[in-house]
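Architecture at a glance
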Amino acid sequence: TLFLGNSITEGGNWKKLLKDSTVINRGVSGDITFGILQRLDEIVRHKPSRLFLLLGINDISKNIPDEIILENLLTILSKIHSATPATKIYVQSILPTNNSFKQFPKNYDKNDHVITINAQLKKYAERMSYTYVDLYSGFLDKESKLDARYSTDGLHLNAVGYAHWVE
């Protein structure tokens, strides 16, 4: 099992959370879709049986257009599927953010972009042969923000957040 993404993925102790010593964490802090595209060869060399992808919030914070983010995500998925057709791919929705924290202002107040990209990822799931996992809904508070119980800074998750993710 391989987890692929940015710092949100990187922060998860997936071996411990999933009780599986074979899990590979390829989350890289600050990574964007263009970065994943550049390191895809390293990813597919592992030929994982399962791959979990969570990516996009850093692209959004850099004001990369939604269409480009989606195109890059679909290219990533297509290349993984072509290189390792037996890999079962799970695309996890981009998580909401919470602007009541102050550490990452470029990432906050962009939930409209998150919702748009998530809707497209859900729409393409069957056509692109991946399973869409809606994490977004499960992390919302009453104000449609990332529930502060699950976060350290309105963007990244705390231990309670990662346990909730695994649920």
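The following paragraphs examine the structure supplied in this document. (Residues numbered from 1 in each chain as written. Predicted model: local features only at pLDDT ≥ 70, side-chain atom pairs only at ≥ 80, totals over all residues. Heavy atoms only, no water.)

1. Here's the deal with the pattern of salt bridges
Note the following rule: Salt bridge criterion: a side-chain nitrogen from Lys or Arg within 4 Å of a carboxyl oxygen from Asp or Glu. Only DSSP runs of H or I with at least four residues qualify as helices, and only runs of E with at least two residues qualify as strands; both kinds are numbered from the N terminus onward.
Under the counting rule described, the total for this entry stands at four salt bridges. In this structure, Arg-26 engages Glu-42 in a salt bridge whose closest nitrogen and oxygen atoms are separated by 3.1 Å. Pair noted here: Arg-26 is in strand β2 (residues 24-27) and Glu-42 is in helix α4 (residues 40-45), with a separation of 16 residues, a long-range link. Here Arg-39 and Asp-31 are joined by a salt bridge, their closest N and O atoms 2.9 Å apart.

2. Quick notes on helix α6 (residues 66-83)
Put simply, the rule reads: Multiplying 1.5 Å by the helix residue count minus one yields the expected span of that helix. Think of it in three bands: residues with accessible area under 20% of the maximum for their type are buried, residues over 50% are exposed, and the middle band is partly exposed, with areas taken using a 1.4 Å probe on protein chains only.
With 18 residues, α6 ought to run about 26 Å at 1.5 Å a step, and its terminal C-alpha atoms sit 26 Å apart, in line with that. Along α6, the residues that are buried comprise Asp-66, Ile-69, Leu-70, Asn-72, Leu-73, Leu-74, Ile-76, Leu-77 and Ile-80.

3. Re the side chain of His-156
To keep it simple, the criterion reads: Between N or O atoms, a polar contact is any pair within 3.5 Å; within protein, one atom must be a potential hydrogen donor and the other a potential acceptor, and residues adjacent in sequence are included only when both atoms are from side chains.
Along the chain, the position of His-156 falls in the loop between β5 (131-133) and α8 (159-166). By relative accessible area, which is 16% here, His-156 ends up buried. Within polar-contact distance, the side chain of His-156 engages the side chain of Ser-7 at 2.7 Å.

4. Structural notes on the environment of Phe-139
We apply this condition: By definition, residues are in contact when any of their heavy atoms lie within 4.5 Å.
One can find Phe-139 in the loop between β5 and α8. For the pair Phe-139 and Ser-151, spaced twelve residues apart in sequence, the C-alpha separation works out to 9.6 Å. Dropping the residues within four chain positions of it, Phe-139 is found in contact with Leu-95, Pro-96, Lys-145, Leu-146, Asp-147, Tyr-150, Leu-157, Gly-161, His-164 and Trp-165.

5. With respect to unusual backbone geometry
A positive phi angle is found at Lys-47, which is not glycine, with a value near 45°. Structurally, Lys-47 can be placed in the loop between α4 and β3 (50-54). A relative accessible area of 56% means that Lys-47 is categorised as exposed. You will see that Ser-129, though not glycine, has its phi angle at about 60°, which is positive. Relative to the elements of secondary structure, Ser-129 occurs in the loop between α7 (111-124) and β5. With a relative accessible area of 46%, Ser-129 lands in the partly exposed category.

6. Points about the nonpolar core
Definition in use: For the purposes of this section, nonpolar cores are sets of buried Ala, Val, Leu, Ile, Met, Phe, Trp, Tyr and Cys residues that join through side-chain atoms within 4.5 Å.
Judged by nonpolar contacts, the single largest core of 47 residues is most densely connected at Ile-8, Tyr-130, Leu-157 and Trp-165. Broken down by secondary-structure element, the contributors of at least two residues to this core are β1 (2-5), α4, β3, α5 (57-61), α6, β4 (88-92), α7 and α8. Among the elements that take part in this core, α6 stands out by supplying seven residues, more than any other.

7. Things to note about the side chain of Ser-93
Relative to the assigned elements, Ser-93 resides in the loop between β4 and α7. Within the structure, the side chain of Ser-93 is placed 2.8 Å from the backbone nitrogen of Tyr-136, a separation counted as a polar contact. Ignoring anything within four residues of it in the chain, the contact list for Ser-93 reads Leu-54, Asn-118, Tyr-132, Val-133, Asp-134, Leu-135 and Tyr-136.

8. Regarding the packing of aromatic side chains
Note the cut-off: When the centres of two rings from Phe, Tyr and Trp lie within 6.5 Å, Trp using its six-membered ring, the rings pair. Their planes under 30 degrees apart give stacked, over 60 give edge-to-face, and anything left gives tilted.
With the rule as written, the count across this model stands at seven aromatic pairs. Seen from their ring centres, Phe-3 and Trp-14 are 4.2 Å apart, and the 5° between their planes marks the pair as stacked. Of this pair, Phe-3 sits in strand β1 while Trp-14 sits in helix α2 (residues 14-17), placing them eleven residues apart in sequence. Considered together, Phe-3 and Trp-14 belong to a single accessibility category, that of buried residues. Measuring from centroid to centroid gives 4.6 Å for Phe-52 and Tyr-90, while their planes differ by 10°, and the two rings are stacked. Taken together, the positions of Phe-52 in strand β3 and Tyr-90 in strand β4 put the pair 38 residues apart, joining distant regions of the chain. Residue Tyr-90 is classed as buried on the basis of its relative accessible area of 19%.

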